[in-house]
Amino acid sequence: MRRRECAVTPGRDTNDAVDDGASKTLQTPPGAAAAELQCQLGGTGASPSPYATLGPVPDLDNRRFCRACETTLPLEAFPPGTRRYLCRRHAWLRVKKPSKERALADPLRRLVDRLWKRGWDDAQTAFGHPRVALRQADIAGLLPEGGGGGGGDKPLAIVPADPIQLLSNENVVVVGMDVRRRLLRAYRAGGANMYLAELGKLGRFG
Ligand SMILES: [Zn+2]
């Protein structure tokens, strides 16, 4: 492969990358790979952050450098869209996973997550449903305003309005946990009829 005619910038301590012109293999040693990245990015000793800007460097031989793997990988290993020097796995680890963790630090998202999981558990164990047809995004829209902020501290749950049908955006009621317990007990004792009767006692809802 003819690559690396871009000389590694002197002065940086990527000094183990002096094997310029050597035929490169898959198993590029980290130091040389970093130097290649530096080379690809056109970085200089004066700009120590080589990741700041990604120049229009073509992918060579359908391979691209992953700066976390510190080697080149086939293009298929990279997410489509904007070219970044992070393979799918590392993009997930560094971008998506932390964003999921950040999301769960948000009280509303945490509440939604909890409601969905409980709804899923109930679907399986109490109603014998194979799945729920309700997305987490649907749940946020069901909550009273500020529902995530903890204004009302009453623990909430989501249950199907009709226990025979899958829990869905059209078949869902937000209730307190105490009501949920009564509903599940009623369903165990008397099936859908008793469940609906118990739900009817709540008066207007939805
Ligand atoms: Zn990687």
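It should be emphasised that the depicted structure is a prediction, and the values quoted were computed from it without experimental measurement.

So, about the overall build of the protein. What the protein contains, in helices and strands, is five helices and four strands. With 206 residues in all, the protein has 23% of them scored as buried.

The first and last C-alpha atoms of helix α2 (residues 88–105) sit 24 Å apart over 18 residues, in line with the 26 Å expected at 1.5 Å per residue. Helix geometry: α2 is bent most strongly at Lys96, by close to 25 degrees, with proline Pro98 lying one to four residues after it.

Turning our eyes to something else, we now look at the confidence of the model for the protein. In the predicted model, the protein carries a mean pLDDT of 75, and 66% of its residues have values of at least 70. Confidence, read as mean pLDDT per element, is least for helix α1 (residues 30–41) in the protein (43) and greatest for helix α5 (residues 177–200) (95). Low pLDDT (under 50) marks residues 1–50, which in the prediction has 60 contacts with non-local residues, meaning those over four places away or in another chain.

What follows deals with the nonpolar core. Ranked by internal contacts, the top residues of the largest apolar core, which has 18 residues, are Leu115, Ile158, Leu167 and Leu183. Contributions of two or more residues to this core are made by α3 (107–125), β3 (156–159) and α5. The leading source of residues in this core is α5, at six residues. With near-sequence residues (within four places) excluded, Leu115 lies in contact with Ile139, Leu156, Ala157 and Ile158. Membership of the second largest hydrophobic core comes to six residues, among which are Phe65, Cys66, Phe78 and Leu86.

Non-glycine residue Asp61 carries a positive phi angle of around 50 degrees. Tracing the chain through its elements places Asp61 in the loop between α1 and β1 (63–66). In this model, Asn62 sits at a positive phi of 55 degrees, which is unusual for a non-glycine residue. Looking at the element boundaries, Asn62 is found in the loop between α1 and β1.

Its location among the elements puts Ala91 in helix α2. Excluding its chain neighbours within four sequence positions, the residues that come into contact with Ala91 are Pro79, Arg84, Leu86 and Lys96.

Moving on to α3. Between the first and last C-alpha of α3 there are 27 Å, a value that for 19 residues agrees with the 27 Å anticipated at 1.5 Å per step. Those residues of α3 lying buried are Val112, Leu115, Gly119, Asp122 and Ala123. Each buried residue of α3 sits inside an arc of 100 degrees when the element is viewed along its axis, so together they form one side. Summarising the geometry of α3, the exposed residues directed more than 90 degrees from the buried face are Pro107, Lys117, Asp121 and Thr125. Residues of α3 that are buried sit in contact with α4 (136–142), β3 and α5.

On to the pairing of β1, then. Pairing of β1 with strand β2 (residues 71–74) involves four bridges; the strand directions are antiparallel. Paired with Arg64 across the two strands is Leu73, which belongs to β2. Counted along the chain from β1 to the antiparallel partner β2, the turn is four residues long, and its residue Glu70 has a positive phi close to 60 degrees.

Mapped onto the secondary structure, Arg63 falls in strand β1. In sequence terms Arg63 and Leu75 are 12 residues apart; their C-alpha atoms lie 5.2 Å from each other. Setting aside residues up to four positions removed in sequence, Arg63 forms contacts with Thr72, Leu73, Pro74 and Leu75.

Once that is clear, we can look at the environment of Arg64. By the element assignment, Arg64 lies in strand β1. As a C-alpha pair, Arg64 and Arg84 span 20 residues in sequence and 9.1 Å in three-dimensional space. With residues near it in sequence (within four places) discarded, Arg64 still touches Asp59, Thr72, Leu73, Leu75, Phe78 and Tyr85.

Conventions used here
- Residues numbered from 1 in each chain as written.
- Predicted model: local features only at pLDDT ≥ 70, side-chain atom pairs only at ≥ 80, totals over all residues.
- Helix = DSSP H or I, 4+ residues; strand = E, 2+ residues; numbered from the N terminus.
- Buried ≥ 20, exposed ≤ 12 C-beta atoms within 10 Å, placed from the backbone.
- Expected span 1.5 Å × (residues − 1).
- Bend = angle between axes of the 7 residues up to and from the residue.
- pLDDT = per-residue confidence, 0-100.
- Contact = placed C-beta atoms within 7 Å.
- Core = buried A, V, L, I, M, F, W, Y, C linked by C-beta atoms within 7 Å.
- Arc of directions from axis to C-beta.
- Pairing = 2+ DSSP bridges.

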